[in-house]
Protein chains: 2
Amino acid sequence: MKVIIMADFIGGLAAFLTTASFLPQAILVLRTRNTEGLSLIMYAMFTAGITCWLAYGLMIGSLPITIANAITIVLASIILTIKIRNTVAVRRGQREPLI
Amino acid sequence: MKVIIMADFIGGLAAFLTTASFLPQAILVLRTRNTEGLSLIMYAMFTAGITCWLAYGLMIGSLPITIANAITIVLASIILTIKIRNTVAVRRGQREPLI
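This report concerns the structure included in the present document. Computed from a predicted model, the values in this text were never measured in an experiment. (Residues numbered from 1 in each chain as written. Chains lettered and ligands numbered in written order. Predicted model: local features only at pLDDT ≥ 70, side-chain atom pairs only at ≥ 80, totals over all residues. Heavy atoms only, no water.)

So, the overall build of chain A
Inference 1: Secondary structure assignment for chain A yields four helices and zero strands.
Inference 2: Along chain A, helices (α) and strands (β) appear in the sequence α-α-α-α when read from the amino end.
Inference 3: Computed over C-alpha atoms, the radius of gyration of chain A comes to 17 Å, more than 25% over the 13 Å expected from 2.2 N^0.38 for 99 residues, which places it beyond the range of a compact globule.
Inference 4: Seen through its principal axes, chain A has C-alpha atoms that stretch 60 × 25 × 15 Å.
Inference 5: Expressed as a percentage of its 99 residues, the buried residues of chain A come to 46%.
Inference 6: Considering only contacts in chain A between residues 6 or more positions apart, those separated by 24 or more positions represent 64%.
Inference 7: Carbon and sulfur atoms form 73% of the exposed surface of chain A, whose accessible area is close to 5,400 Å². (Helix = DSSP H or I, 4+ residues; strand = E, 2+ residues; numbered from the N terminus. Rg over C-alpha atoms; globule rule 2.2 N^0.38 Å. Buried < 20%, exposed > 50% of the residue type's maximum accessible area, 1.4 Å probe, protein only. Contact = heavy atoms within 4.5 Å. Areas by Shrake-Rupley, 256 points an atom, 1.4 Å probe, with all protein chains shown as cover.)

Comments concerning the relation of the copies chain A and chain B
Inference 1: With an RMSD of 0.0 Å, chain A superimposes on chain B once it is rotated by 180° and translated 0.0 Å along the axis. As the rotation angle and translation indicate, the two copies are arranged about a two-fold axis. For chain A, the minimum C-alpha distance to the rotation axis belongs to A:Gly37 and amounts to 2.5 Å. (Least-squares fit on C-alpha atoms with pLDDT ≥ 70 in both.)

Thoughts on the interface of chain A and chain B
Inference 1: On the chain B side, the residues contacting the 35 residues of chain A number 35 residues.
Inference 2: When the two sides are added together, the surface that chain A and chain B hide from each other amounts to roughly 3,000 Å², 78% of it contributed by carbon and sulfur.
Inference 3: Of all residues in chain A, the largest losses of buried area upon contact with chain B belong to A:Met42, A:Met45 and A:Met59, amounting jointly to 17% of the total for that side.
Inference 4: The tally of links between chain A and chain B comes to zero salt bridges.
Inference 5: Counting across the interface, chain A meets chain B through eight residue pairs in polar contact (both at pLDDT 80 or more).
Inference 6: The set of elements that each furnish at least two residues to the side of chain A that touches chain B consists of α1 (2-20), α2 (22-32) and α3 (40-60) of chain A.
Inference 7: No other element matches the 14 residues that α3(A) contributes to the side of chain A that touches chain B.
Inference 8: Here the residues of the side of chain A that touches chain B are counted per class, giving 26 nonpolar, eight polar and one charged. (Buried area = accessible area lost by both parts, 1.4 Å probe. Salt bridge = Lys/Arg side-chain N within 4 Å of Asp/Glu carboxyl O. Polar contact = N/O pair within 3.5 Å; in protein donor to acceptor, adjacent residues only side chain to side chain. Nonpolar A, V, L, I, M, F, W, Y, C, P; charged D, E, K, R; others polar.)

What follows is the structure, encoded as structure tokens:
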């Protein structure tokens, strides 16, 4: 019984940390608009993956998985959107290339 | 029965995408050494969170959770290490500040 309680606690902590970790990254990108070191492919794949996790959570009726990934989708989408905008702007030569 | 199979497929796809997504970011950081837009706090929290997911996977005996997070820890740790090195170097004024 103790192991199950411990596992649930570790699982909850893991979900909190991996979800909340995208908040400082989203704030940094919103504040500096600098996405130079960020990989566009990563955030495209990651956002797609998180969307799958959300669908998975809804399909198996898991509230923690659904809520954690709903939050992460919002944060990852903010980062992805600004990264796409910067990449398009650099390609159009509109902005001093950050790379 | 069909929903369960579909849910397992979506869950597997989600695990693959969110794990594999850190590969292009690790490659970009290894190639460019540029971690300017990356949040140190994000990668510290994320790496801690992934470590918890790995412990959780081991505790409940889930091979997919264990393998996916073991791979992600390696990739996230590469990014985190280079980010810490750059941050320390900038603080010591050794390198032309990227920020």
